Amino acid sequence: MEDINQSYDEFTLNFRLEEDVPIDQFEMTMYNYEFVGNRTKCTCVAIDGARALQFKVPATLPLEQFLRKQLYKGEFLSILSNILNQLIYFNDNNMPLNKLLLNVHYMYIELSTLDIQLLYMPVNKKFADCNVTEFIQTFISKVRFANMACVETVDQILKYLDSKLMFNLEEFYQYILSLEQANIMEDDDDEEAKEPSTVKTTSENYSNPVPYLVRLKTNELIPILHKEFMVGKSVSCDYQIVDNKKVSRKHAIFRISNGECYVRDNASTNHTFINGQLLQPGVEVMLSNDDSIRMGDEEFKYWVR
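The rules behind these values
Residues numbered from 1 in each chain as written. Predicted model: local features only at pLDDT ≥ 70, side-chain atom pairs only at ≥ 80, totals over all residues. Heavy atoms only, no water. Axes fitted to C-alpha atoms, helices over the stretch in contact; angles between N-to-C directions. Helix = DSSP H or I, 4+ residues; strand = E, 2+ residues; numbered from the N terminus. Parallel < 35°, antiparallel > 145°, perpendicular 65-115°, else oblique. Left-handed = near helix turned anticlockwise from the far one by under 90°. Contact = heavy atoms within 4.5 Å. Nonpolar A, V, L, I, M, F, W, Y, C, P; charged D, E, K, R; others polar. Phe/Tyr/Trp six-rings, centres within 6.5 Å; stacked < 30°, edge-to-face > 60°. Buried < 20%, exposed > 50% of the residue type's maximum accessible area, 1.4 Å probe, protein only. Polar contact = N/O pair within 3.5 Å; in protein donor to acceptor, adjacent residues only side chain to side chain. Salt bridge = Lys/Arg side-chain N within 4 Å of Asp/Glu carboxyl O.

(A) Examining the packing of helix H4 (residues 132-141) against helix H5 (residues 148-163) more closely. Between H4 and H5, the least distance of the axes is 12 Å, while the angle of their chain directions is 160 degrees. What the angle tells us is that H4 and H5 run roughly antiparallel. Crossing hand, H4 versus H5: left-handed. Only Val154, Ile157, Leu158, Leu161 and Asp162 of H5 make contact with H4, whose side of the interface consists of Thr133, Ile136, Gln137 and Ile140. Of the residues belonging to the contact of H4 with H5, the class tally is six nonpolar, two polar and one charged.

(B) Representation of the packing of aromatic side chains in the model. Evaluation of the coordinates by the stated rule reveals 20 aromatic pairs. On the numbers, 5.4 Å between centres and 35 degrees between planes, the contact of Tyr212 with Trp303 is tilted. Note that Tyr212 is positioned in strand E10 (residues 211-215) and Trp303 in strand E20 (residues 298-304), a separation of 91 residues in sequence. Of the residues examined, Trp303 reaches a relative accessible area of 1% and is grouped as buried.

(C) Fine view of the side chain of Asp291. Summarising the element assignment, Asp291 is placed in the loop between strand E18 (284-286) and strand E19 (292-295). Separated by 3.0 Å, the side chains of Asp291 and Asn275 make a polar contact. Sequence-distant contacts of Asp291, that is, excluding residues within four places in its chain, are made with Ile274, Asn275, Met286, Phe300, Lys301 and Tyr302.

(D) Structural view of the pattern of salt bridges. Per the stated rule, a full pass over the model turns up 10 salt bridges. Notably, a salt bridge pairs Glu298 with Lys217, separated by 3.3 Å at the nearest N-O pair. Remark: Lys217 occurs in the loop between E10 and strand E11 (220-223) and Glu298 occurs in strand E20; sequence separation between them is 81 residues. On the basis of relative accessible area, Glu298 is assigned to the buried category, the value being 2%. Residues Arg264 and Glu228 are paired through a salt bridge, measuring 3.9 Å at the closest nitrogen-oxygen approach. One end of the pair, Arg264, is in strand E15 (residues 260-265); the other, Glu228, is in strand E12 (residues 228-232), with 36 residues separating them in the sequence. Several salt bridges converge on common partners, so that one network encompasses Arg215, Lys217, Asp243 and Glu298.

Right, here's the structure in full:
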C-alpha cells in the first residue's frame, strides 16, 4: 500500500507493513536525524487497523516532476552530489542501500535549496540488491539539459563510470565534488571577465536563470518565458487556468525587465495578492524568490534560481 497526501511544502506517504515485519529501531533513529539536507521523518503508525510506515517529507515537488524542466550544470551537479552524500551517510552507519527507494518517483526536492529527500525503509526484511551505478545512469537518462555545458559534463561522468572496473561510492562522490568546484570557479571567472557595462541583464536577453510560478493546487512548474506573461482563463493567455471561476479572463501580467520579474493586476474581479497584501490594479510590484501570489483563490509561489 502506498498512500500520498500532499501540500505545497510537505508530503505524507504511508507504506503498509506486514504484521510479522519488525522495525529496526537503530535504523529508524539514524534516519530520523537531520543529515545532508534530508529532514524527512519516519514513524510506525496504525491506519485502518493495519501497520504502516509513515513518512513526513518537507519538500516542494517530487523529483520526477522537477526533472521535467531543463537543468543547468550547477543544478544537476548539486542534486547528484546531495544524493551521493546521503548514500555515504547510510553506508557509514551500516544501513543497507538496498533499503532505499532509489527511484525518482519516490524522491522529493525542496526548490529553495535543491535539497533532496530520500526514503529509507528501516525494517528487517529481505530487499532486492541495489546497483548504485545503474541508478545513476537511469537518473541521468531522465534529465533534460539546458545547454551544451551540461551535456558535456554528463558525458564526462558517463565516461568516468565506464572507465572503472569497480564502482567506489566515495571516489565517485569526490569526483562529482571536483566538477562542482570547477563549475563554481568557471562562474567566478565569467563574472570577473565581464565589463561593468555588460553586467546589467536586459529583458531581451534574460534567459538564465528562468523564473517560475509553482501552482500550489497541482504543483505544476510554469516557466515565465516571455517579457510579458499573461495568466488567466482566456485562451490568449500564456498560462490558461480553465478550472477556477475566481480567476479572471486576463487576470495578471508578469513582466521581466533588467533581470527582475514584476507582476501587476489586470483589473481582475477577485484581485491579486502578494504575500497576503492586496495588489492595486495596474500597479507593478517586483517579486522576490518564494513570494506567495494569489489570484482570486488560486495560489502560486514565485521561484527563481
